[in-house]
Amino acid sequence: MERLDTRIRNHDRDIERMCNHHYQGFIDSIRELLQVRSQAHKLKTEVVRIDDEAQESAKKLLTKSEELVKTRKVQSNICAAIDALTLCLPVLTMYSKLQKQMQEKRYYPALKTLEQLEHTYLPRVASYRFAQQMRDNIPRVREDIKQASMSDIKDFLEAIRRVSARIGQVAMKHAALQYNMDPKLAVTRNERHAPLPPNPFTGETYEAQSEAQSDEEEELCAQDLIDFAPVYRCLHIYTVLGAREQFETYYRQQRREQARLALQPPTNMHENLEGFRQYLHGVVGFFVIEDHVLNTGNGLVTRPYLDEVWDMASGKVVNNIRNHSSYCTDTLLMLNIKNLIMLFAHTLQNYGYTVNPLHELLLEVKDHYNEVLMQKWVQVFRDIFEKDNYHPIQVDALEEYNNIIEVFPYHEPALEQAPFPKRFPFSLMVPKVYREVKSYIEACLEFSEDLNLSQTEKEDMVRKSTNLLLTRTLSGCLATQIKRPGLRLLQLIQITINTLHLEHANVLLEHHVAKLTGSIEDSSKPGLGRLQGKAMFKDIRGEAEEQIYTALRHKIDEFLDLASYDWMLAEPQGTSSSYVTDLIAFLNSTFTAFTNLPVRVAQTACMSACQHVAKSLMAMLLSEDVKQMSLAALEQVNLDVIQCEQFAAFEPVEGFEEGALLMCFSDLRQLLDLFMTEDWSTYFHDYGSENSKYLRVNPHNAIIIVEKLREGEKRGMFSILKRSDKKKLLETVLKQLRQLTQQQHAS
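The following refers to the structure shown. Note that the structure is predicted; figures quoted are calculated from it, not measured. (Residues numbered from 1 in each chain as written. Predicted model: local features only at pLDDT ≥ 70, side-chain atom pairs only at ≥ 80, totals over all residues. Heavy atoms only, no water.)

1. Things to note about the overall build of the protein chain
Right, so step 1: The number of helices and strands found in the protein chain is 25 helices and 2 strands.
Right, so step 2: Over its C-alpha trace the protein chain gives a radius of gyration of 62 Å, far above what one expects of a compact globule, namely 27 Å for 747 residues.
Right, so step 3: A principal-axis box enclosing the C-alpha atoms of the protein chain has dimensions of 225 × 115 × 55 Å.
Right, so step 4: Out of the 747 residues in the protein chain, the part that is buried amounts to 42%.
Right, so step 5: For the protein chain, long-range pairs separated by at least 24 residues make up 78% of all intrachain contacts whose partners lie at least 6 apart in sequence.
Right, so step 6: As displayed, the protein chain has an accessible area near 42,300 Å², and 52% of this comes from carbon and sulfur atoms.
Right, so step 7: Once the 87 positive and 102 negative side-chain charges of the protein chain are each reduced to a mean point, those two points are 10 Å apart. (Helix = DSSP H or I, 4+ residues; strand = E, 2+ residues; numbered from the N terminus. Rg over C-alpha atoms; globule rule 2.2 N^0.38 Å. Buried < 20%, exposed > 50% of the residue type's maximum accessible area, 1.4 Å probe, protein only. Contact = heavy atoms within 4.5 Å. Areas by Shrake-Rupley, 256 points an atom, 1.4 Å probe, with all protein chains shown as cover. Lys, Arg positive; Asp, Glu negative; His and termini not counted. Charge placed at Lys NZ, Arg CZ, Asp CG, Glu CD.)

This is how it looks when you write it as C-alpha cells:
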C-alpha cells in the first residue's frame, strides 16, 4: 500500500508539472474563443434576419410549387391508370367472352379463347393479382370444358345407340334398291306405313304425301339421321388439351360395349323374320356409323381397329344367326332369312367390310333348309303311302291318261295302243312321288338363287340334296312302309313294282336337274355327281322282295295251320286235303299277280313257296307232337304232296328249268315212296351211292317215322298175324337204320 501511495504521489507531481508548463497557452485559447463567440452571435443574428426576409419572399412561391407537384402526381397517376386499363381491358374482355361461351356450351371456341387468354393476354398483366387468380383458375376451366364435352359425347353415344337400327334400315334399303332386291325386306313391320285416312274436309287422300315421305326416307343417310358434331368437337377439344389418346380410348371402349349390346340377339329371334330384321338393322347401323366416323373423324377410328371390331362382330353374328336359324322349321321363313342375310352382306360389303363368313353361313343355312325340306317331305311321302290303294292305275278316258303322262312321262307302246280302259302297271304312288321329288329339287334350287354359286356348284348342291332326299328320306319312308304291320302280300307286290318304275324314273330326274341348273349332261362322266336313286330303289326293292317272301311264307303257314291230320287214320280219303286245295288256289292267284314283277323275283318267290311247303310238310311228319302214326295217314300226306307236285309241275311262273320246282319236294317224295313201297332192301343196298333211288332219305328221319309207325301198330289196327309180321319188319328196319346212323357218326 505504501508503494501504491508513493506511486500515486509521483504521478500527481508529474501532472502538476505538465499543467504548469501549458497554462499560458490555455489562457490564450480561452480569450480567442470568447472573441469568436461574440462574432458568431452577430453572424447568427444577421443570418436570422436574412432568413426571415427570404422566407417571407419565397412563401408564395412555395405554395405554387406544392400545387404544381400535386398536379403532376395526379397527372402521372392518371397516365399510369390509363396504361393499366389499356393492358387489363382486353384480358377482362376475353375472360367475359370465355364465360359467355361456357354458358352457351360453345366449348371448343371457349377452349380457343382460354388458350389466347393464357398465352397472349395474361402475360401482359402478370403483375396484377386478378391475373394470378385467372391463371390459377385456368386448369379448373379446362377441366370443366373436358367434363362438359364428355357429357356431350355421352349424349351422342346414347343418341346413336337409339338411332342405330334406323340407320341400318335405311342403309339396307339403299342396298336393296342397288341390288334389285325387294326394299320391303329391309323395312320393319312398324315402319310400313298404312294408308293415311282421307282429308275429312276435301275427301282427298294423302297418297302423294306418303310417296313423298317414302322418297325422302330413301334419300336419307347416316349424317342425315344424326349430328356427328359432338364427336368432332370433343375430339378437337381433347386434342387441344393434349388428351386425344384418352378420348380415343374412351370412345372406342364405349363403342365396343355398344357393339356387344347390338350383337346380343332377341330371345325369340327365330320365331319370325322381324326378330332377324331388327337384329341385323342394329348391327348394320353400328358399322355404318363407324364407317362414317372413319372417313370424317380425323383418325378417331382407324381401319385396323374397325377391322378388328368387325372380325369380332362377324363371328358373333354368324353364330347367333346359325343358332337361331337352326330352330326354324318354316321353309318360307328360311328363304326370307337367306334373302335378309344376303342383303345384310351386300350392305356391309358396300362399306368395305369383308363378308366371306356370311357367305359361308348361307351355305350352312342352306344345309339346314334342306333338312327342314326333308322333314317336310317325310310327311308328304307318308301321306302318299298311307293314301295309296296299291292297285294299278286304271284310266277310262284320254284326258285321264294324259293327266298321268303329264305328271309321270311313262311311255309303253303296248299301253298306248291298248283300248280304254287302260291300266298302268304302277299305282298312283309313282307319279305322286315323282312329282314331289321334282318339287323338292325346285325348292332346293330356289334357295340357291343369288348365292353367287357357279353352275357346277349349284348343280352339285342340288344333286347332293336330292341324293339325301332319295337315300335317306324317301328310302326311310319306303322301308317303314314295307315293314308296316298288316300290309298285305298284294300291296307288297305293288310296292315292288312301283319301286321298279321309280328306279327307271331316276334318268328323268337327272334330266330335270340338268334342265333346272342349265348344265349339259356329259355321258363320258357317268359317275360325276349322279343321282343315287337307282341304287336306293334297288335296295328298297330288295327289302320289299324279302318282305314278299316272308309274307308269302306267312300266308302259307296260315293255310298249313288249318291242316288237321288224323295220324291214326284207318283209310286215306282218296283225295287231297281241303287245306292243300285252298293253298294251291291261293298260290295260283298270287303268282298271277307277279306278272309285272321281274322274272327273277317271281321265280324266287315261287321257289321259296314250294320249298317252304315241302319243309313244312316234312316238319309235320317229324314233329315231336306226333307220337304215333298209321300207314294210312302217310298215304293221305302222300296224296297232298302229289297235289303240290302237280302244282310245281304246272310251273305257275315261267322261266324255270324243267323239274326245278319238283326238286323242292324230292326229299319228301323219296321218303314217302320208301314207306309206301317198303322198298327197304333197295334203300339199304344202294345207301351211299350217288345213283341211289332214295338218295335224299336221311336215316335219322326214317328212324323217327318208323318209330311212330311202330307205336301206331300197338293200337291193333291189323290182324294179329299181320301185326306180328309188321312189327318184325319195323324192328328189323329200325335196327338197320340205327346201324347206318352210327356209321355216319363214326365216319
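2. Overview of the pattern of salt bridges
Two side chains carrying opposite charge are able to pair once their charged atoms lie near each other.
Right, so step 1: Evaluation of the coordinates by the stated rule reveals 25 salt bridges.
Right, so step 2: Here Arg 255 makes a salt bridge to Glu 290, at a shortest N to O gap of 2.7 Å. Pair noted here: Arg 255 is in helix 7 (residues 244-262) and Glu 290 is in helix 8 (residues 273-296), with a separation of 35 residues, a long-range link.
Right, so step 3: Taken together, the shared-partner salt bridges in this structure form one network comprising Glu 46, Arg 49 and Glu 53. (Salt bridge = Lys/Arg side-chain N within 4 Å of Asp/Glu carboxyl O.)

3. Describing the packing of aromatic side chains
Right, so step 1: A full pass over the atoms with the stated rule returns 28 aromatic pairs.
Right, so step 2: Centroid distance Phe 408 to Phe 426: 5.3 Å. Interplanar angle 85°. Geometry classified as edge-to-face. Taken together, the residues span a long stretch of sequence, with Phe 408 in the loop between helix 12 (398-407) and helix 13 (413-417) and Phe 426 in the loop between strand 2 (422-423) and helix 14 (429-448) at a distance of 18 residues. Exposure class is identical for Phe 408 and Phe 426. Each is buried.
Right, so step 3: Aromatic side chains Tyr 683 and Phe 684 sit 5.5 Å apart centroid to centroid with 65° between the ring planes, which places their arrangement in the edge-to-face category.
Right, so step 4: Aromatic rings pair up to connect Tyr 401, Phe 408, Tyr 410, Phe 420, Phe 424, Phe 426 and Tyr 434 into one cluster.
Right, so step 5: Cation over ring: Arg 252 sits above Tyr 305, and NZ or CZ is 4.9 Å from the ring centre.
Right, so step 6: The ring centre of Phe 447 lies 5.9 Å from the NZ or CZ of Lys 338, which sits over that ring. (Phe/Tyr/Trp six-rings, centres within 6.5 Å; stacked < 30°, edge-to-face > 60°. Lys NZ or Arg CZ within 6 Å of the ring centre and 35° of its normal.)

4. A word on the side chain of Gln 491
Right, so step 1: Among the structural elements, Gln 491 can be located in helix 16 (residues 489-504).
Right, so step 2: Look at Gln 491 and you get buried, because its relative accessible area is 10%.

5. A short note on the packing of helix 9 (residues 303-325) against helix 11 (residues 356-387)
Right, so step 1: Relative orientation of the contacting elements helix 9 and helix 11 amounts to 10°, with a least axis distance of 10 Å. With respect to helix 11, the axis of helix 9 lies roughly parallel. Each of Val 317, Val 318, Ile 321, Arg 322 and Ser 325 in helix 9 lies in contact with helix 11, whose residues at this interface are Pro 357, Leu 358, Leu 361, Glu 364, Val 365 and His 368.
Right, so step 2: Residues belonging to the contact of helix 9 with helix 11 are distributed by class as follows: 7 nonpolar, 2 polar and 2 charged. (Axes fitted to C-alpha atoms, helices over the stretch in contact; angles between N-to-C directions. Parallel < 35°, antiparallel > 145°, perpendicular 65-115°, else oblique. Nonpolar A, V, L, I, M, F, W, Y, C, P; charged D, E, K, R; others polar.)

6. Here's the deal with the packing of helix 14 against helix 15 (residues 455-482)
To describe two helices that pack against each other, one gives the angle between their axes and the distance between the axes.
Right, so step 1: Interaxial distance between helix 14 and helix 15 falls to 10 Å at its minimum, and their mutual angle equals 140°. Classified by the angle their axes make, helix 14 and helix 15 are oblique. At the point where helix 14 passes helix 15, the crossing takes the right-handed sense. Contact with helix 14, carried on its side by Met 429, Val 433, Val 437, Tyr 440, Ile 441, Cys 444, Leu 445 and Ser 448, involves Lys 458, Met 461, Val 462, Ser 465, Thr 466, Leu 469, Leu 470, Leu 474 and Leu 478 of helix 15 and no other residues of that element.
Right, so step 2: Among the residues forming the contact of helix 14 with helix 15, the class breakdown is 13 nonpolar, 3 polar and 1 charged. (Left-handed = near helix turned anticlockwise from the far one by under 90°.)

7. What to know about helix 7
Right, so step 1: In a regular helix each residue adds 1.5 Å, so 19 residues correspond to 27 Å; helix 7 covers 26 Å between its end C-alpha atoms and thus fits that length.
Right, so step 2: Along helix 7, the residues classified as buried are Phe 247, Glu 248, Tyr 250, Tyr 251, Arg 255, Gln 258 and Ala 259.
Right, so step 3: Turning to helix 7, the residues buried within the fold contact helix 3 (129-178), helix 6 (229-240), helix 8 and helix 9. (Expected span 1.5 Å × (residues − 1).)

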